[in-house]
Structure formats: C-alpha cells, structure tokens
Amino acid sequence: MFIYNHSGITAILFLYVDDTILTCSSDSFISSLISQLSSSFAMKDLGNLHYFLGIEADMSNYPQSILLTQQKYTLDLLKRSKMLDCKPCSTPVTTDKRLSILDGTLLTDPLQYRSLAGALQYLTLTRPDINFHYTIFSVGSFSCKEGLQQFESVKKVEVAIFRNG
C-alpha cells in the first residue's frame, strides 16, 4: 500500500502482484497519476472497483457507503469442494472429540485438502469471526498428515462458516 498525502490531496494505491486499486480525493490528480503510471507500466483501467483479492465491493450506495463481502469467494469455495448443496450445521465438529495426527486414512492426493485449508485460512484474515472455528478445530495443523478425517473436518468448518455467517 502506498499513500500520497500532500496539499490537501490524498491518493492511495493498493498493489498485489498484478492487481491494483487506486483511489484519490482529486479527479484531476488521479487522471494524471494513471497517465504517469501507464507510461511506465502496462495498465488497464477497469473502472469502478468490483472484485479484489476475493473481496467484492458493492458500490450501489456510493458515496454514502461501500459494502465489502466475500460471498462470491465463499460460494466459489463451496462449489470447488462440491459442498454447495450441503445441509447447514450449527457447529463444524463435535466438541467432545479432537482430531489427532494419528487418526484416519491418508489421502492419496492431499492437494484438495491443502487448497481448501489454505482458502479457509485466507478467510480468517478478513473475517475474524471465523478464526475461532479454524484454530479451535485445528484445520490448518495437519499439513504433515492430510487424512480423510482431517479433510472431512475442513469441509464441515467450511459449511458451518458459510451457513452461519
């Protein structure tokens, strides 16, 4: 993140790999800045913000408010793991049994488990309300042994997060 604040003009540039958000308090300054950046970098102006790093921006009430959600990211995650039509559950796992690294059968291909656990971990960065589910049920602590039982636990956390929040 880069911030320019001078002579009553504030510009903020968010940059992640090849995704960029640029906002500014002055229309003329932002036009000039885009022109200068375009002369040095390959850029494409996509207009108003809609989606950035898994976060949707609803600008329908702009300038009064901007609604940021991860509903699309979460729905895509449920589709990718074939969990979109699952029944809701109030809690991801039973509280009387903890997962163990010694439990369950190893997955033949742990890639889907790692992908899903990583996607859930990303959600915890932007949604502190689900961090409890992720950490208490140790979703991310089985990277050395990705078993069927651990994978099922990750899927339950995913459904509970989406259905309850």
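Everything below is about the structure printed above this text.
Description of the structure in this document. All values derive from a computational prediction rather than experimental measurement.

1. Digging into the packing of helix H2 (residues 71-80) against helix H3 (residues 111-126)
Interaxial distance between H2 and H3 falls to 11 Å at its minimum, and their mutual angle equals 165°. Classified by the interaxial angle, the pair formed by H2 and H3 is roughly antiparallel. Crossing angle aside, the handedness with which H2 passes H3 is left-handed. On H3, the residues that touch Tyr73, Thr74, Leu77 and Arg80 of H2 are Gln112, Ser115, Leu116, Ala119, Leu120, Tyr122 and Leu123.

2. Let's talk about H2
When we look at burial in H2, the residues that qualify are Tyr73, Thr74, Leu77 and Leu78. All buried residues of H2 project into a common sector of 135° when viewed along the axis, lining one side. At the C-terminal side of H2, Lys82 shows a positive phi close to 55°.

3. Section: the pattern of salt bridges
Using the criterion set out here, one finds one salt bridge in the structure. Across the pair Lys72 and Asp76 runs a salt bridge, and its minimum N-O distance is 2.9 Å. In this pair, Lys72 and Asp76 are both assigned in helix H2, four residues apart and thus about one turn of the helix distant. Judged by relative accessible area, which is 37%, Lys72 ranks as partly exposed. By relative accessible area, which is 31% here, Asp76 ends up partly exposed.

4. Some details on the layout of surface pockets
Empty space within the largest pocket amounts to approximately 1200 Å³. Forming the walls of the largest pocket are 31 residues, and the residues nearest its centre are Thr20, Ile21, Leu22, Asp45 and Gly47. Among the secondary structure elements, those contributing two or more residues to the lining of the largest pocket are strand E2 (9-16), strand E3 (19-24), helix H1 (27-40) and strand E4 (51-52). Ranked by residues supplied to the lining of the largest pocket, first place goes to E3 with six residues. Here the lining of the largest pocket is composed, by residue class, of 20 nonpolar, six polar and five charged.

Reading guide: rules and limits
Residues numbered from 1 in each chain as written. Predicted model: local features only at pLDDT ≥ 70, side-chain atom pairs only at ≥ 80, totals over all residues. Heavy atoms only, no water. Axes fitted to C-alpha atoms, helices over the stretch in contact; angles between N-to-C directions. Helix = DSSP H or I, 4+ residues; strand = E, 2+ residues; numbered from the N terminus. Parallel < 35°, antiparallel > 145°, perpendicular 65-115°, else oblique. Left-handed = near helix turned anticlockwise from the far one by under 90°. Contact = heavy atoms within 4.5 Å. Buried < 20%, exposed > 50% of the residue type's maximum accessible area, 1.4 Å probe, protein only. Arc of directions from axis to C-beta. Salt bridge = Lys/Arg side-chain N within 4 Å of Asp/Glu carboxyl O. 1 Å grid on protein atoms, 1.4 Å probe; cavity = no way out; pocket = protein on both sides within 12 Å on 5 of 7 lines; lining within 4 Å. Points joined across faces, edges and corners; volume = space filled by probe spheres on them. Nonpolar A, V, L, I, M, F, W, Y, C, P; charged D, E, K, R; others polar.

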